[in-house]
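Fold and geometry: a report
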Amino acid sequence: TMKQNKLRLFGYDWKLIIKKDHKNTSGGDFHWGKKTITINDRYGEFDVILLHEIIEAILLQNLVRYYGNEGNSEYKFMFNHTQFTKIVYDIFQSLRDNKII
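Let us look at the structure shown here. (Residues numbered from 1 in each chain as written. Predicted model: local features only at pLDDT ≥ 70, side-chain atom pairs only at ≥ 80, totals over all residues. Heavy atoms only, no water.)

So, on to the environment of Gln 83. As for its placement among the helices and strands, Gln 83 is situated in helix H2 (residues 81-97). A residue is classified by how much of its surface remains accessible, and Gln 83, at 30% relative accessible area, is partly exposed. Residues Gln 83 and Val 64, spaced 19 residues apart in sequence, show a C-alpha to C-alpha distance of 8.4 Å. Ignoring anything within four residues of it in the chain, the contact list for Gln 83 reads Val 64 and Met 78. (Helix = DSSP H or I, 4+ residues; strand = E, 2+ residues; numbered from the N terminus. Buried < 20%, exposed > 50% of the residue type's maximum accessible area, 1.4 Å probe, protein only. Contact = heavy atoms within 4.5 Å.)

If you want it as structure tokens, here you go:
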């Protein structure tokens, strides 16, 4: 589990915000403009939720995340193998920059 309050993603420092919000049903989200990732600690899956948000931010950075017809955060992801290779590199780089691996 990460204990620091910042992450390094895409060459920028992002603020990691941990909340215990029993009213909010969301496990986590990120705000691209503010460079923040917020994790709701009520679910007890901090590492999984953090990894979900990091990967989703990477997919948005790589322009492969689209809004689905369902709305309500039901995103679609579409990419070819070349894009997938770049995404894997970005995941690796973010894990390395944050000394996770």
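With that out of the way, let us pick up the nonpolar core. Ranked by internal contacts, the top residues of the largest apolar core, which has 18 residues, are Leu 7, Trp 14, Ile 37, Ile 39, Leu 50 and Ile 54. Among the elements that take part in this core, helix H1 (residues 46-61) stands out by supplying 7 residues, more than any other. (Core = buried A, V, L, I, M, F, W, Y, C linked by side-chain atoms within 4.5 Å.)

Time to look at the packing of H1 against H2. Following both chains from N to C, one finds H1 and H2 inclined at 135°, their axes separated by 10 Å at the closest point. In terms of orientation, H1 and H2 fall into the oblique class. Our pair here, H1 against H2, has a crossing hand that is right-handed. Contact with H1, carried on its side by Ile 54, Ile 55, Ile 58 and Leu 59, involves Ile 87, Asp 90, Ile 91 and Ser 94 of H2 and no other residues of that element. (Axes fitted to C-alpha atoms, helices over the stretch in contact; angles between N-to-C directions. Parallel < 35°, antiparallel > 145°, perpendicular 65-115°, else oblique. Left-handed = near helix turned anticlockwise from the far one by under 90°.)

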